[in-house]
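# Architecture at a glance
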Amino acid sequence: MNGLLLDVREVSKTFTRGGLLSRETIVAVNKVSFQLAVGRPEILAIIGESGSGKTTLARMILNTETPTSGRLLLDGTDLAAISGSGSRRAFMHKVQPIFQNPFESFNPLKRVERYLLMTRRRFSGTAEESTAAAAVDAALHKVGLSLKEVSDRYPHELSGGQLQRVAIARALLAEPKLIVADEPVSMIDASLRMSIVNLFKTLRDDLGISIIYVTHDLATAYYISDRIMIMQKGSVVESGDARTVLKAPRHPYTQQLREAVLLPEVSDPAANVTHGINGPISPAAPERTT
Amino acid sequence: MHADAEQPQRDQDAQPLLSVRDLQAYYQTSHAGVRRGIRAVDGVSFAVRRGEIYGLAGESSSGKTTLIKSIAGAIRPPLEIVGGSMEFAFLPGYGGLHRAPPAELERIRWRHLSYIMQGSMNVLNPVRRVRSSFVDFAYPHIGGSRRRFEQQVIAHLARVKLDPSVLAAFPHELSGGMRQRAALALATICRPGFIIADEPTTALDVVVQKEVLGMLRGIQRETGSSVLFVTHDMGVHAHITDRLAIMYAGRLVEEAATTEIFGNPLHPYTRHLISSLPRIGDDAPRQGLGGAPPNLADPPSGCRFHPRCPLAREICRREIPVMGESAPGHRVACFAVNQGERA
Amino acid sequence: MAVFLRDLLRYRAEFRIGVALVAAVLLLSVLASFSPYPPDSVYVVPPDLPPSLTYWFGTTSRGQDVFWQLSFAIRNTLLFGGTVALVSRLVALAVGLISGYKGGWLDRVLMSVNDTFIVIPLLPILVLFYFVMRDRISWLMLALIMACFGWAYDARLIRSVVMSLRQREFTQTSLFSGMSTRQILTEEHLPYVMPILFSTTMNNMVWSIGLEVTLAVLGFTDINTPTIGGMIYWANQHTAMVAGIWWWIAFPTITVIMAFIGLFLLAVSVNAHIDPRSRLWSVGGAS
Ligand SMILES: Nc1ncnc2c1ncn2[C@@H]1O[C@H](COP(=O)(O)OP(=O)(O)OP(=O)(O)O)[C@@H](O)[C@H]1O
Ligand SMILES: Nc1ncnc2c1ncn2[C@@H]1O[C@H](COP(=O)(O)OP(=O)(O)OP(=O)(O)O)[C@@H](O)[C@H]1O
Ligand code: SF4
Ligand SMILES: [Mg+2]
Ligand SMILES: [Mg+2]
């Protein structure tokens, strides 16, 4: 229908939390709308306050959380209408997730290659073991790993960066049209981070995959994304072309974010020490010798 | 008020809080009868002084967490300490927590030493409310009336910008960043003398992150404690650490005052790391490091960086560069640097 | 699981004692197969003899050898407890897994059934059954009735664990790897539920055996099948304590207490071992 890959229409989500006596209602996502077009793959960055509903929004797009109100359409199909294993698999064939915490992405009691092989088998149609292993190896190579390095390993035997790359490789195996990545690079080193965001660019340009990139890292968001959405307390407070928004933020919260970015440089050693202290400085603080 | 009574002011510089000497920590796995050692930490030496924040950065899977785990005594098979020692000022004579008797460990945990592990959100008990975790872990060490304890917890949560209502929530009802802050609050509420933190702020937005770092800095200054801080976020290092060490493939490659590392990086890996950082407003393409990451089960000979190093030369393949002081307080392990040549 | 048991054996003294006690009781029950006398015949040996080398635990006023009678009794009692535990575990597992994973209306329906079973008082129901059924009540029927009441609380426990597992990201990864609900529950979640299943089995057996003994002592069960409670019932009928035949009561009591303590220690030590408090410092390993 009218060329939209993803159409998010006024979705809201409320939660209730707390014990019997002190129940409170939390509006995690408040009337958010946006669209992704078919045939024009793009990287959409979602940035915002911790607890502002980014993960909840991502989960609704992944159809693992149902909105309290509003509609989500993928390729013209209403997500609320998906039921039965057939249509659910068709949905997962189009949308795949990458999660925040690589240590939580895989069952600690199982070997990681299990998920790679499973994904390949379930979504490729062919069931041949040898080609499955080759395909898994190829996907791992795209993220700078190989099957040899991860085979027979449990999640705790891989580092955070390795696990996150395995998670990306797994998502690629389903050959999706949209990847929803919730803080995919927050636990890996700066250099690898660049390899992965460059990989996202390649996925967009060469494979035509759109990516929703939830992050706290404004610099990489600036570096790779086409569009950006800034969220605060469940609402989108500013959105638009990534470079424009980040270079000249309009909304006060965006400006605040922009100012709080810690630059990777030390201009004045004295400023380094006094930054951001909100408690009283005790006179007993030891002398510093640097 | 919590200042360590047993911390004589004068030998602050003389005796570091923690000194690690030539530490080797391997994951010893045996596979179908073949023993395989992953040399995740291989000959690391450094010292953390009293009252300083010591930063540690480096490549993913270079062994930072392994190093931290060894120091914190969280050593479980297949991880083994193969060589070297870790001496704490508050636990002299044992050469590491893993060699200390359980009674001694009980004494120092929480009060003297607190360890925030990577992915620390998982510390919170998933089937109980956040309040129970605080009561279980921190109450025995703080004591007093439950009322006062609760107030103390609420005040402490406020320092990491968390609302008291999180106490009544289950961990899965909190966002990732909220869980991470709850875990951080839990680890710091007893105001330990030495905080070991492995990526404690990765899930926070920059505004909250700044507050939380301020809190950590505040506690550190009030109690004169030391912090060993691991993160990939070089902005955080620039902002909070006093000295910074860079790790690559199980070894330290460079260590200096944080200002020095950013202002005058010497090791080729450090240089690459610093130059790969993207900035807002800068559209130049950045590249990740080329070549394959080292395999720690069979690391490259000589300098472990040589297959990917632009300055590599003959000697790098054969010999292991040792940490040499290129300037006072600036140590580098690189033949090119130590022989006075720079790129 | 194997690693788990090995760690338990190595690090927990309670677990070792528990295993020893349960093993001793099990051994006694296995010996029943070698009994020289059939379990229900009476006056096969001289009555009222105190423990001696020929009759280790003495003989009863009904002319039965206490040792062999006891081995039948404990076998039946354990079998009873085992049946109750097995059936109620299966129900608890099915309800807990489905309720916890599916959530929604299914969860609400299952949990309201569950709550009904938790609040209905069991003992009056059992006595009522006895008066209705009288002699037609068999131990299997009694076991099934008790199983109906034994699953509810543990199903809730399993449900809460599965609910928290469902929130974890790896469940999402499994889902998006194309696994079916059944696969996720049996392959991804079941391993986490196993320790709980194990420790509640022990508690459940203690509970059902205790209840069976109580009912039997009061005469509310099929007294012709030898059980621990049945033995004590007959001893009371013959006023064994007054007549000084203490061994008729003492040995069954000691055996069932050994079984209780053994099972209880197993449950406690497994519980302590899986207590998430030990998570804090346990890093770098699968839990
Ligand atoms: N299952 C739940 N039950 C109750 N409240 C929830 C639940 N999931 C999320 N919330 C609440 O909804 C709000 C938004 O959470 P969400 O995880 O979407 O935030 P986020 O933007 O991803 O934050 P972060 O950057 O810290 O990951 C939070 O206040 C959180 O406590
Ligand atoms: N339990 C284990 N068994 C076997 N190998 C392991 C185990 N834990 C870690 N490793 C390996 O040891 C190496 C170092 O891992 P470590 O977690 O210390 O890295 P790191 O520097 O903390 O990385 P990251 O920044 O990605 O967290 C990696 O190659 C990893 O695969
Ligand atoms: S020692 Fe040689 S290979 Fe290693 S970093 Fe220096 S120049 Fe490069
Ligand atoms: Mg989130
Ligand atoms: Mg790590």
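Our subject is the structure listed above.
Below is a summary of the structure that appears in this document. Owing to the predicted nature of the structure, the values given are computational and were not obtained by experimental measurement.

Turning our attention to the overall build of chain A. Counting secondary structure elements, chain A contains eleven helices and ten strands. Each of the 290 residues in chain A was classed as buried or not, and the buried ones make up 56%. In chain A, once contacts between residues fewer than 6 apart in sequence are set aside, the share between residues at least 24 apart is 67%. As presented, chain A carries roughly 11800 Å² of accessible surface, and 52% of it is formed by carbon and sulfur atoms.

For the rest of this paragraph, the subject is helix 3 (residues 113-124) of chain A. Residue and element names in this part refer to chain A. End to end, helix 3 covers 16 Å across twelve residues, agreeing with the expected 16 Å (1.5 Å per residue, within 8%). Of all twelve residues in helix 3, nine are buried; the element is thus mostly enclosed. Residues of helix 3 that are buried: Glu 113, Arg 114, Tyr 115, Leu 116, Leu 117, Met 118, Thr 119, Arg 120 and Phe 123.

Moving on, we come to the environment of Glu59(B). Locating Glu59(B) in the fold gives a position in the loop between strand 3 (53-58) and helix 1 (64-72). Owing to a relative accessible area of 8%, Glu59(B) belongs among the buried residues under this scheme. Sequence spacing of Glu59(B) and Met247(B) is 188 residues, and the spatial spacing of their C-alpha atoms is 6.7 Å. Setting aside chain neighbours within four positions, we find Glu59(B) in contact with Asp189(A), Lys64(B), His232(B), Met247(B), Tyr248(B), Tyr269(B), Leu289(B), Pro293(B), Pro294(B) and Arg308(B).

Residue and element names in this part refer to chain A. Within helix 1 (residues 54-61), six of the eight residues are buried, which leaves the element mostly enclosed by the surrounding structure. Taken together, the buried positions of helix 1 are Lys 54, Thr 56, Leu 57, Ala 58, Met 60 and Ile 61. Phi turns positive one or two residues past the end of helix 1, at Asn 63, with a value near 65 degrees.

Residues and elements named next belong to chain A. Sheet architecture is open: four strands sit in the order 2-1-4-5, paired in antiparallel fashion. At either margin of the open sheet sits one strand with a lone partner, and together these are strand 2 (24-37) and strand 5 (77-78). Pairing between strand 1 (residues 4-17) and strand 4 (residues 69-74): five bridges, direction antiparallel. Counted as the bridge partner of Asp 7 is Leu 73 from strand 4.

This next bit is on the sheet that holds strand 5 (residues 113-116) of chain B. All names here are of chain B. Sheet architecture is open: eight strands sit in the order 5-6-7-3-8-9-11-10, paired in mixed fashion. Lying at the two open borders of the sheet, with one neighbouring strand each, are strand 5 and strand 10 (324-327). For this sheet the average axis-to-axis angle between neighbouring strands, irrespective of direction, equals 20 degrees. In terms of strand pairing, strand 8 (residues 243-248) meets strand 9 (residues 251-257) through six bridges, oriented antiparallel. Pairing of Tyr 248 across the sheet is with Arg 251, part of strand 9.

Neighbouring ligand 1 are 23 residues, the closest being Arg17(A), Gly51(A), Lys54(A), Thr55(A) and Thr56(A). Around ligand 1, the nearby residues trace back to chains A and B. Backbone polar atom of Gly51(A) to an oxygen atom of ligand 1: 2.7 Å apart, as the coordinates give it. Taking Gly177(B), its main chain carries an N or O atom lying 2.8 Å from an oxygen atom of ligand 1. Notes on ligand 1: free accessible area 640 Å², of which the protein chains cover 94%.

Residues and elements named next belong to chain B. Within the fold, Glu 254 resides in strand 9. Of note is the side chain of Glu 254, whose polar atom sits 2.9 Å from the backbone nitrogen of His 267. Side chain to side chain, Glu 254 and Thr 270 meet in a polar contact 2.8 Å long.

The next thing to look at is the interface of chain A and chain C. Every contact between the two is made by 26 residues of chain A and, on the other side, 21 residues of chain C. Between chain A and chain C, the buried area comes to about 2200 Å², and carbon and sulfur atoms account for 55% of it. Three residues, Phe99(A), Glu104(A) and Leu109(A), lead the burial of chain A against chain C; their summed loss comes to 24% of the area buried on that side. For the pair chain A and chain C, the number of links is three salt bridges. As a salt-bridge pair, Arg114(A) and Glu187(C) come within 2.8 Å of each other at their nearest N and O atoms. Applying the counting criterion to the chain A and chain C interface returns 15 residue pairs in polar contact (both at pLDDT 80 or more). Sorting the residues of the side of chain A that touches chain C by element identifies helix 2 (85-94), strand 6 (95-98) and helix 3 of chain A as the ones contributing at least two each.

Glu157(A), Ser61(B), Thr65(B), Thr66(B) and His232(B) are the nearest of the 24 residues found near ligand 2. Mapping the residues adjacent to ligand 2 onto the chains of the assembly identifies chains A and B. Within the contact set of ligand 2, a nitrogen atom lies 3.3 Å away from a side-chain nitrogen or oxygen of Tyr27(B). In the model, an oxygen atom of ligand 2 is placed 2.5 Å from a nitrogen or oxygen of the Thr65(B) side chain.

Residue and element names in this part refer to chain B. Enumeration over the complete set of coordinates arrives at 34 salt bridges over all chains. In this structure, Arg 331 and Glu 255 form a salt bridge, with 2.9 Å as the shortest nitrogen-oxygen distance. On the criterion of sequence distance, the pair formed by Arg 331 in strand 11 (residues 330-332) and Glu 255 in strand 9 is long-range, its members being 76 residues apart. Glu 255 shares its class with Arg 331; the two are buried. Here the salt bridges share partners, and the residues they tie into one network are Glu 52, Arg 243, Glu 255 and Arg 331.

Contacts between the two partners involve 69 residues from chain A and, on the opposite side, 77 residues from chain B. Our enumeration of links across chain A and chain B arrives at two salt bridges. Here Arg243(A) makes a salt bridge to Asp283(B), at a shortest N to O gap of 2.4 Å. Elements represented by at least two residues in the side of chain A that touches chain B include exactly helix 6 (160-173), helix 7 (190-207), helix 8 (218-224), helix 9 (242-247), helix 10 (252-260) and helix 11 (269-274) of chain A.

Moving on to the layout of surface pockets. By volume, the second largest pocket is sized at about 540 Å³. Around the second largest pocket, the lining is made up of 30 residues, and of these Arg193(A), Asp217(A), Ala219(A), Leu262(A) and Asp233(B) lie nearest the centre. Secondary structure elements with two or more residues in the lining of the second largest pocket: helix 7 and helix 8 of chain A together with helix 7 (206-223) and helix 8 (234-240) of chain B. Here the element with the most residues in the lining of the second largest pocket is helix 8 of chain A; it accounts for three residues.

In this section: unusual backbone geometry. Most of the time, phi is negative for any residue but glycine, and the peptide bond is trans. With a phi close to 60 degrees, Lys161(B) is a non-glycine residue in the positive phi region. The residue Lys161(B) is located in the loop between helix 5 (146-159) and helix 6 (176-188) in this model. With a relative accessible area of 46%, Lys161(B) lands in the partly exposed category. Of note in this structure, Thr239(C) is not a glycine but carries a positive phi near 40 degrees. Its location among the elements puts Thr239(C) in the loop between helix 10 (228-237) and helix 11 (240-243). Judged by its relative accessible area of 45%, Thr239(C) is partly exposed.

Parameters and conventions
- Here the residue index of a chain counts from 1 through its sequence in written order.
- Chains carry letters from A onward and ligands carry numbers from 1 onward, assigned in written order.
- The predicted origin of the model limits local features to residues at a pLDDT of at least 70 and limits the giving and counting of side-chain atom pairs to 80 or more, whereas totals for whole chains, interfaces and linings rest on all residues.
- Excluded from the side-chain calculation are hydrogens and water; included are all heavy atoms of the structure.
- The secondary structure listing takes helices from DSSP runs of H or I that are at least 4 residues long and strands from runs of E that are at least 2 residues long, numbered from the N terminus.
- Here's how the labels work: a residue is buried when its accessible area is under 20% of the maximum for its type, exposed when over 50%, partly exposed in between, all with a 1.4 Å probe on protein chains only.
- In what follows, a contact means two residues having at least one pair of non-hydrogen atoms within 4.5 Å.
- Areas reported here follow the Shrake-Rupley algorithm with a probe of radius 1.4 Å; residue values treat only the protein chains shown as occluding.
- Here, expected helix span is obtained from the residue count minus one, scaled by 1.5 Å.
- Think of it this way: DSSP has to see at least two bridges between two strands before they count as a pair.
- Axis lines are fitted through C-alpha atoms, for helices just across the contact stretch, and the angle between N-to-C directions can take any value from 0 to 180 degrees.
- Summary of the distance rule: residues count as near a molecule or strand when at least one heavy atom falls within 4 Å of that molecule or strand.
- Polar contacts here mean pairs of N or O atoms no more than 3.5 Å apart (in protein, one a potential hydrogen donor and the other a potential acceptor; neighbouring residues in sequence count only if both atoms are side-chain atoms).
- Here the quantity called buried area is the accessible surface, traced with a 1.4 Å probe, that two parts lose on coming together, added over both.
- Criterion for a salt bridge: a side-chain nitrogen of Lys or Arg within 4 Å of a carboxyl oxygen of Asp or Glu.
- Cavity and pocket criteria rest on a 1 Å grid covering protein atoms alone: a 1.4 Å probe that fits but cannot get out defines a cavity, protein on both sides within 12 Å along at least 5 of 7 lines defines an open pocket, and an atom within 4 Å of a point defines a lining residue.
- Grid points are joined across faces, edges and corners, and a volume is the space filled by probe spheres set on the points.

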